[in-house]
Amino acid sequence: MAEKTILCYGDSNTYGYDPTTGLRFSSDIRWTGRLGRILGPGFRIIEEGCNGRTTMYDYPDESWKNGLHYLRPCLNSHKPLDIVILMLGTNDLKEIFHASAQEIAENAGRLAAVIQEFTAEKQGSVPQIILVSPPRIGPGITSSPFRGEFTQRAVTESAEFSAYYRQEAGRRGCVFFDAAQYVRPSREDSLHLMPEAHAALAEGFGAVIKGS
């Protein structure tokens, strides 16, 4: 049986940002590492998480965090791919972008379309895409270390992610996964995941992949 390659393309919650230290969780704690152990032999996990990554918005001084800019090179470097877990959108809720949940979900859908079109051309097959509606932002964000970057508007909009991402997944022929059904952000910063949330997320993805 050929090994299946899974690309995990996301932001700091895919990178494994530790909200208590600002550093990175070890691979045995990150959901990507846990997912590899759940799936076992026959699967290879590629971690492509970047702190601050957006769907397709440019920061004034860090345009390299635009998820669209790096997507094609990433797909080309790691091909052939069998599955892509796409979890982006949280950083789009920063006030600097002032984007709505609907706009962000549509952007995520465009990234899914890029994956489909690019892989069809470059590897001759299209991977299964798991389009993830990101975890909600906690109400404590306005007093967290990330206050100012995110406001109460981000909390409200993140609660709308699920409905819009579900629509995009259906439109693009992707598997829909609602992360908010599995995890909540930490009390430490209302944005990032604690170890138990990483474990729950890995279990959820594992069940979907094993069932596909």
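In case you missed it, the structure is sitting above this.
Residues numbered from 1 in each chain as written. Predicted model: local features only at pLDDT ≥ 70, side-chain atom pairs only at ≥ 80, totals over all residues. Heavy atoms only, no water.

## What about the sheet that holds strand 1 (residues 4-10)?
Ordered in space as 2-1-3-4-5, the 5 strands form an open sheet in which the pairing is parallel. Strand pairing shows two members of the sheet lacking a second neighbour, strand 2 (43-49) and strand 5 (175-178), which therefore form its edges. Neighbour-to-neighbour, the strand axes of the sheet open up by a mean angle of 20 degrees, direction not taken into account. Bridging between strand 1 and strand 3 (residues 83-87) involves 5 bridges; their strand directions are parallel. Counterpart to cysteine 8 in the pairing with strand 3 is isoleucine 85. Relative to the sheet, helix 2 (residues 31-39) contacts strand 1, strand 2 and strand 3, its axis offset from that of strand 2 by approximately 170 degrees. The sheet strands contacting helix 4 (residues 101-122) are strand 3 and strand 4 (128-133), and the helix crosses strand 3 at an angle near 160 degrees. (Pairing = 2+ DSSP bridges. Helix = DSSP H or I, 4+ residues; strand = E, 2+ residues; numbered from the N terminus. Axes fitted to C-alpha atoms, helices over the stretch in contact; angles between N-to-C directions. Contact = heavy atoms within 4.5 Å.)

## Topic: the nonpolar core
Of all hydrophobic cores here, the largest spans 36 residues; its most connected members are Leu7, Leu86, Ile137, Phe150 and Tyr165. Breaking this core down by element, the ones donating at least two residues are strand 1, helix 3 (67-78), strand 3, helix 4, strand 4, helix 5 (152-158) and helix 6 (161-172). The element that contributes the greatest number of residues to this core is helix 4, accounting for 9 residues. In this structure, isoleucine 137 is in contact with Thr90, Leu93, Phe150, Ala154, Val155, Ser158, Pro185, Ser190 and Leu191, ignoring residues within four places of it in sequence. Counting residues in each nonpolar core, the second largest holds 19 residues, with Leu35, Phe177, Val183 and Ile209 among its members. (Core = buried A, V, L, I, M, F, W, Y, C linked by side-chain atoms within 4.5 Å. Buried < 20%, exposed > 50% of the residue type's maximum accessible area, 1.4 Å probe, protein only.)

## A short note on the environment of glycine 148
Here glycine 148 lies in the loop between strand 4 and helix 5. Considered as a pair, glycine 148 and isoleucine 96 are 52 residues apart in the sequence and their alpha carbons are 9.7 Å apart.

## Points about the side chain of histidine 192
Relative to the helices and strands, histidine 192 resides in the loop between strand 5 and helix 7 (195-211). You can call histidine 192 buried: its relative accessible area is 4%. Side-chain polar atoms of histidine 192 contact the side chain of aspartate 189, separated by 2.6 Å. With sequence-adjacent residues up to four places away left out, histidine 192 is seen in contact with Ser12, Asn13, Tyr17, Pro19, Phe146, Pro185 and Ser186. (Polar contact = N/O pair within 3.5 Å; in protein donor to acceptor, adjacent residues only side chain to side chain.)

## Section: unusual backbone geometry
The omega torsion across lysine 79 and proline 80 is 0 degrees, close enough to zero to call that bond cis. One can find proline 80 in the loop between helix 3 and strand 3.

## Some details on helix 4
Look at helix 4: 31 Å from first C-alpha to last across 22 residues, which is about the 32 Å you get at 1.5 Å a residue. Directly beyond the C-terminal end of helix 4, a positive phi value near 80 degrees is found at glycine 124. (Expected span 1.5 Å × (residues − 1).)

## Quick word on the packing of aromatic side chains
Applying the stated criterion across every chain, the model contains 8 aromatic pairs. Arranged with centres 4.6 Å apart and planes meeting at 10 degrees, the rings of phenylalanine 177 and tyrosine 182 form a pair that is stacked. Accessibility expressed as a relative area gives 39% for tyrosine 182, which makes it partly exposed. Between the aromatic rings of phenylalanine 177 and phenylalanine 205, the centroid separation amounts to 4.2 Å while the plane-to-plane angle is 25 degrees, which identifies the pairing as stacked. Here phenylalanine 205 lies in helix 7 and phenylalanine 177 lies in strand 5, a separation of 28 residues in the sequence. Across the ring face of tyrosine 9, the terminal group of arginine 53 is positioned such that the distance to the ring centre comes to 4.4 Å. Just above the ring of tyrosine 59 sits the side chain of lysine 65; from NZ or CZ to the centre is 5.8 Å. (Phe/Tyr/Trp six-rings, centres within 6.5 Å; stacked < 30°, edge-to-face > 60°. Lys NZ or Arg CZ within 6 Å of the ring centre and 35° of its normal.)

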